[in-house]
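A look at the structure
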Amino acid sequence: MSVKKTIEKRRAHRSLDPVEITRDLIEDLAETARITPSCANKQPWRFVFAYDKNMLNELFTVLSVGNKWVEKASMIIGVFSKPENDCIIGERLYYLFDTGMATAFLILRATELGLVAHPIAGFKETPAKEILGIPKNMRLIALIAVGKHSEVINPVLSDSMKLGEKQRPPRKSIDEFIHVNKVKEPIN
Ligand SMILES: Cc1cc2nc3c(=O)[nH]c(=O)nc-3n(C[C@H](O)[C@H](O)[C@H](O)COP(=O)(O)O)c2cc1C
């Protein structure tokens, strides 16, 4: 699948069917993160792949109310790092940028393999870190819910989430976020 097609195919679906998680799958996803570019090749990203049923059940207790759909995930990937793992140039901290790129590559590979890999920010960070064994001085940036897309819409979804299963939520027009040659006012 071309990169463009994979990017277009990727969706943050919330109706999930189970998928078998193997060591090969984990290594395949990790390999795409491994070769991601990073500032001075610092490779700040860290991932914890949780698929043990007891671990998943513990993680389900730290999700925000609207994220009940995650309980159908077969694996949750914890994405974590800390500022000192990457370039700090004045006030510019690159760890979130580079970890985000690695995560995007991993999500696209999962998409290419026919999986849903849905990033979420709706979780309690401190207990989630404790469950996953992530050190206190690191940030748990996101969790990625992994499963297979189910055609049967998960009944726990809100109406807008149900709509989101059928069509991609609207995006800004290109003119709202690009500038050519020089940024023009007004800008936010
Ligand atoms: C950093 C981040 C955090 C997100 N957090 C949540 C979340 O907590 N719960 C949820 O249902 N979706 C979450 N999403 C998914 C977005 O809502 C989704 O990507 C957006 O609506 C666009 O839909 P699309 O990805 O299918 O194009 C998150 C996405 C990102 C990138």
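What this report covers is the structure whose coordinates are included nearby. (Residues numbered from 1 in each chain as written. Predicted model: local features only at pLDDT ≥ 70, side-chain atom pairs only at ≥ 80, totals over all residues. Heavy atoms only, no water.)

Regarding the site of the ligand
- Close to the ligand lie 15 residues; Arg11, Ala12, Arg14, Asn67 and Arg171 are nearest.
- Taking Ala12, its main chain carries an N or O atom lying 2.8 Å from an oxygen atom of the ligand.
- Between the ligand and Asn67, the relevant distance is 2.8 Å, taken from a nitrogen atom to a side-chain nitrogen or oxygen of the residue.
- Considering the ligand on its own, with 620 Å² of exposed area, one finds that the protein chains cover 67% of that surface.
- Looking at the shell around the ligand residue by residue, the class counts come to seven nonpolar, three polar and five charged. (Near = heavy atom within 4 Å. Polar contact = N/O pair within 3.5 Å; in protein donor to acceptor, adjacent residues only side chain to side chain. Areas by Shrake-Rupley, 256 points an atom, 1.4 Å probe, with all protein chains shown as cover. Nonpolar A, V, L, I, M, F, W, Y, C, P; charged D, E, K, R; others polar.)

Side note on the environment of Lys184
- Inspection of the secondary structure puts Lys184 in the segment after α6 (159-166).
- In the structure, Lys184 is positioned 47 residues away from Asn137 in sequence and 40 Å away in space, judged by C-alpha atoms. (Helix = DSSP H or I, 4+ residues; strand = E, 2+ residues; numbered from the N terminus.)

Things to note about unusual backbone geometry
- The phi torsion at Asn41 lies on the positive side, around 55°, for a residue other than glycine.
- Its place among the elements puts Asn41 in the loop between α2 (23-34) and β2 (46-50).

Side note on the state of the cysteines
- One pass over the structure, following the stated rule, counts one disulfide.
- The side chain of Cys39 participates in a disulfide bridge whose partner is Cys87; the two sulfur atoms lie 2.0 Å from each other. Judged by the sign of its S-S torsion, about -100°, the cystine formed by Cys39 and Cys87 is left-handed. Of the two residues, Cys39 sits in the loop between α2 and β2 while Cys87 sits in the loop between β3 (75-81) and β4 (88-89), which places them 48 residues apart along the sequence.
- Given the relative accessible area of 10%, Cys87 is considered buried. (Disulfide = S-S within 2.5 Å. Buried < 20%, exposed > 50% of the residue type's maximum accessible area, 1.4 Å probe, protein only.)

Points about the packing of aromatic side chains
- Following the criterion strictly, the structure yields two aromatic pairs and no others.
- Ring geometry for Phe47 and Phe49: centres 6.4 Å apart, planes at 40°, overall tilted.
- Classification of Phe49 as buried rests on a relative accessible area of 19%.
- Ring geometry for Tyr94 versus Phe97: centroids 6.4 Å apart, planes at 80°, classification edge-to-face.
- Owing to a relative accessible area of 53%, Phe97 belongs among the exposed residues under this scheme. (Phe/Tyr/Trp six-rings, centres within 6.5 Å; stacked < 30°, edge-to-face > 60°.)

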